[in-house]
Structure formats: C-alpha cells, structure tokens
Amino acid sequence: MNTRDKITEAINQKQKIRFIYHNLIRIVEPHLLGIKTTGNVVLSAWQVGGQSETMNCPPWRNYVVSDISNFTITGEYFFNPRPGFNPNDGTMVKIIARV
C-alpha cells in the first residue's frame, strides 16, 4: 500500500498519523487529502505533536504527500474535525478523502 492509500485509510478511520516531513517528525490528525491546482497531492491536517519549523506555526498545515517519508498510522483515534476544517477546500481540484 502506498502512502496516499495509507493516508486515505487513516482519514476514513480517523486515526492519527506520524511521518517525517522536511526532516522533522510530525504527528497529525489527517482531515483532507486532495489534488491542488499545482497538481500536487496534498494532505491537510491538524498537527498535534512532533516538531515544527518555528514555535508559532498554526496547527493547520498542508503537506505535499511526495515529501512525506517514514509514514505510520499510530493507532490513536480522533473523533471530531478540528475548528476551521474546510471539507470543500477550494484550492483543491479533486478531493480524494475527507473526514
């Protein structure tokens, strides 16, 4: 199973995921997977743990799936979408999966 399929599974099951992104560990609640207008497959997620580039980064982040490595589903669940979740993100030309 590729990373895209694993992210889709985690979204459908509302499970937190852990991965490396730009050399930093990220732990997130995945909310939306889609294709941006740039053609990139992107994960929209709420970061709940791990590392960030700066101390004051907002918890909502977009991650280019091709830049994700060492992906694992943690087995921890989340139950509701986070505040500010936009299930119909207009910057995506196609939605692959959403909570």
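Our structure's up above, just so we're on the same page.
Notes on the structure in this doc start here. (Residues numbered from 1 in each chain as written. Predicted model: local features only at pLDDT ≥ 70, side-chain atom pairs only at ≥ 80, totals over all residues. Heavy atoms only, no water.)

### Topic: the overall build of the protein
- When helices and strands are tallied, the protein shows one helix and six strands.
- Ordered by position from the N terminus, the helices and strands of the protein form the series α-β-β-β-β-β-β.
- Since a compact globule built from 99 residues should have a radius of gyration of about 13 Å, the 12 Å found for the protein is in line with a globular shape.
- With respect to the three principal axes, the spread of C-alpha positions in the protein is 30 × 30 × 25 Å.
- Across the 99 residues in the protein, those meeting the buried criterion constitute 39%.
- Partitioning the intrachain contacts of the protein with sequence separation of at least 6 by distance along the chain shows that 59% fall at a separation of at least 24. (Helix = DSSP H or I, 4+ residues; strand = E, 2+ residues; numbered from the N terminus. Rg over C-alpha atoms; globule rule 2.2 N^0.38 Å. Buried < 20%, exposed > 50% of the residue type's maximum accessible area, 1.4 Å probe, protein only. Contact = heavy atoms within 4.5 Å.)

### Digging into the side chain of histidine 31
- If you trace the backbone, histidine 31 turns up in strand 2 (residues 24-36).
- Within the local environment of histidine 31, its side chain forms a polar contact with the backbone nitrogen of arginine 82, the two atoms lying 3.1 Å apart. (Polar contact = N/O pair within 3.5 Å; in protein donor to acceptor, adjacent residues only side chain to side chain.)

### Notes on unusual backbone geometry
- At lysine 14, a position not held by glycine, the phi torsion is positive, near 50°.
- Considering the arrangement of structural elements, one finds lysine 14 in the loop between helix 1 (3-13) and strand 1 (15-21).
- Positive phi, normally seen in glycine, also occurs at asparagine 23, with a value near 65°.
- Structurally, the position occupied by asparagine 23 is in the loop between strand 1 and strand 2.
- Accessibility expressed as a relative area gives 74% for asparagine 23, which makes it exposed.

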